[in-house]
Amino acid sequence: MRDLKIPQQRHPEKAHRPDNAQPKKPSWIRVKAPGGQGYADTRKIMREHNLVTVCEEAGCPNVGECWSQGHATMMIMGEVCTRACTFCNIATGKPPEPLDAFEPGRVADAVQKLGLNHVVITSVDRDDVTDGGAEHFAQTIRAIRHRAPGTTIEILTPDFIKADPEVLRVVVDARPDVFNHNLETVPGLYPEVRPGARYFHSLRLLQRVKELDPRIFTKSGIMVGLGEDRQQVVQVMDDMRAADVDFLTIGQYLQPTPKHHAVNRFVTPEEFAGYEKSAYGKGFLMVSATPLTRSSYHAGDDFARLRDAREARLARG
């Protein structure tokens, strides 16, 4: 039996990789340790419903702030991912169990108990499942709509690269409010950072969501500090806008363990501000570009601003 708390068992494919030095974090990237009653209450609900969160599994630096406000990004389809991206701290390998048919109901119940106005649902990659988990996402969306009809729903999906292209329609037909799929990095770094994925497949996935249902907001994000340069980041922005992506997130890559991809550098807050200005100039409805930006960080507030931005643009004609 694997113990996913042990790094060597959590990432067996990385065990023999040479260690990469983990540089000291600058002052602008440090956060307080999680704690407080709100954090404890959120943790209790997650445990009672036997739910996995990407906040914990990926080692998100914002977990203390978000959980203290009752906001947790739930990760469905298990806690073992069939991919082996070199930036990610989620456990990798062959998932030990099939999809849990009761999970969508547990997620919906937790959303109701937390009283969420906006929820983010993500998942591991499940290349071992015929449809990549598309129907499981759809069932989770429908369960939340039934149990918490006032909650807006944001999903952060895999790329479904090994499934029939038509499975995307299953997810879109369930009508999430926001469809997020992260490009993660610039195309030149994919072979090292995101093996098993394809940049233009992911880009086309986002474009197809808009073609299938233009009402759904689309969102994507990248990390910086992996070895990319500004010109490459700007090109990704152009590619996203060509695919009609509404919302862009850019955050600092943080190395989970010495076996993961090295931090090339810490991007300064001033550079992030420059990326934000460039992105708005290219026509994104919403941009979040800060060192601590993550896909679901402040997602509820950002969704309200995203909706307002669309209405304002439509009013301008």
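Cut-off values and rules
- Residues numbered from 1 in each chain as written.
- Predicted model: local features only at pLDDT ≥ 70, side-chain atom pairs only at ≥ 80, totals over all residues.
- Heavy atoms only, no water.
- Helix = DSSP H or I, 4+ residues; strand = E, 2+ residues; numbered from the N terminus.
- Contact = heavy atoms within 4.5 Å.
- Axes fitted to C-alpha atoms, helices over the stretch in contact; angles between N-to-C directions.
- Left-handed = near helix turned anticlockwise from the far one by under 90°.
- Salt bridge = Lys/Arg side-chain N within 4 Å of Asp/Glu carboxyl O.
- Buried < 20%, exposed > 50% of the residue type's maximum accessible area, 1.4 Å probe, protein only.
- Expected span 1.5 Å × (residues − 1).
- Phe/Tyr/Trp six-rings, centres within 6.5 Å; stacked < 30°, edge-to-face > 60°.
- Nonpolar A, V, L, I, M, F, W, Y, C, P; charged D, E, K, R; others polar.
- Core = buried A, V, L, I, M, F, W, Y, C linked by side-chain atoms within 4.5 Å.
- Polar contact = N/O pair within 3.5 Å; in protein donor to acceptor, adjacent residues only side chain to side chain.
- Pairing = 2+ DSSP bridges.
- Right-handed = clockwise from strand over helix to strand, strands pointing away.

Moving on, we come to the side chain of Glu184. Residue placement: Glu184 occurs in the loop between β7 (178–180) and α8 (190–193). Leaving out residues up to four positions away in the same chain, Glu184 has contacts with Phe87, Arg194, Gly221, Ile222, Met223 and Leu226.

Two elements in contact, helix α5 (residues 103–114) and helix α6 (residues 134–147), have axes separated by 8 Å at closest approach and are oriented at 35°. Considering only the axes of α5 and α6, their crossing is right-handed. Two secondary-structure elements touch here, α5 through Glu103, Pro104, Gly105, Val107, Ala108, Asp109, Val111 and Gln112 and α6 through His136, Gln139, Thr140, Ala143, Ile144 and Arg147.

This brings us to the pattern of salt bridges. Going through the model one piece at a time under the given rule, you end up with 23 salt bridges. Arg142 serves as the salt-bridge partner of Glu135, at 2.7 Å between the closest nitrogen and oxygen. Taking relative accessible area as the criterion, Glu135 reaches 30% and is therefore assigned partly exposed. Taking the shortest distance from any N to any O, the salt bridge between Asp246 and Lys210 comes out at 2.6 Å. Taken together, the residues Asp246 in the loop between α10 (230–242) and β9 (247–252) and Lys210 in helix α9 (residues 199–212) connect sequence positions 36 residues apart. For the pair shown, Asp246 and Lys210 are each scored as buried. One network of salt bridges, in which partners are shared, links Arg83, Asp125, Asp127 and Asp159.

A few words on unusual backbone geometry. You will see that Glu184, though not glycine, has its phi angle at about 75°, which is positive. Judged by relative accessible area, which is 16%, Glu184 ranks as buried. Residue Asp244 is not a glycine yet carries a positive backbone phi of 65°. By secondary structure assignment, the location of Asp244 is in the loop between α10 and β9.

As a further point, take α9. A rise of 1.5 Å per residue sets the reference length of α9, with its 14 residues, at 20 Å; its end C-alpha atoms lie 20 Å apart and thus fit the reference within 8%. Of all the residues in α9, the buried ones are Tyr199, Ser202, Leu203, Leu205, Leu206, Arg208, Val209 and Lys210. Along its buried surface, α9 packs onto α7 (167–173), β7, α8, β8 (217–224), α10 and α12 (299–316).

Across all of its chains, the model carries three aromatic pairs by this definition. Geometrically, the ring pair formed by Tyr190 and Tyr199 is edge-to-face, given 5.7 Å between the ring centres and 90° between the ring planes. Residues Tyr190 and Tyr199 agree in their burial class; the two are buried. Judged by centre distance (5.9 Å) and plane angle (90°), the rings of Phe217 and Phe303 are edge-to-face. Of this pair, Phe217 sits in strand β8 while Phe303 sits in helix α12, placing them 86 residues apart in sequence.

Next up on the list: the packing of α9 against α10. α10 packs onto α9 with a crossing angle of 40° between their chain directions and a minimal axis gap of 9 Å. Residues Tyr199, Leu203 and Gln207 of α9 lie in contact with α10, whose contacting residues are Val236, Asp239, Met240 and Ala242. Class assignment for the residues of the contact of α9 with α10 results in five nonpolar, one polar and one charged.

Moving on to the nonpolar core. One finds Ile121, Leu183 and Ile250 to be the most contacted residues of the largest nonpolar core, which totals 72 residues. The element best represented in this core is α6, accounting for six residues. Contact partners of Ile121, with chain neighbours within four places excluded, come to Met74, Ile76, Val107, Phe137, Thr140, Ile144, Glu154, Ile155 and Leu156. Counting seven residues, the second largest nonpolar core, distinct from the first, contains Val178, Phe247, Leu285 and Leu306.

Bringing the environment of Pro95 into the picture now. Mapping Pro95 onto the fold places it in the loop between β4 (91–92) and α5. We classify Pro95 as buried; its relative accessible area is 8%. The spacing of Pro95 and Gly78 is 17 residues in sequence and 7.4 Å in space, taken between C-alpha atoms. Ignoring sequence-local partners within four residues, the contact set of Pro95 consists of Val80, Thr82, Arg126 and Asp128.

Further remarks concern the environment of Lys219. For Lys219, the position within the fold is in strand β8. Assessed through its relative accessible area of 1%, Lys219 is described here as buried. Placed 65 residues apart in sequence, Lys219 and Glu154 show a C-alpha to C-alpha distance of 9.5 Å. Once you skip the residues sitting within four places of it in the chain, Lys219 turns out to touch Glu154, Val178, Phe179, Asn180, His181, Leu206, Val245, Phe247, Thr249 and Ser295. Separated by 2.7 Å, the side chains of Lys219 and Glu154 make a polar contact.

A few words on the pairing of strand β10 (residues 286–289). Going residue by residue along β10, you find Met286 and Ser288 tucked away on one face and Val287 and Ala289 tucked away on the opposite face as well. Taken together, the four bridges between β9 and β10 define a ladder with parallel strand orientation. Opposite Phe247, over in β10, you have Met286 as the bridge partner. Each parallel crossover has a hand, and the one from β9 via helix α11 (residues 269–281) to β10 is right-handed.

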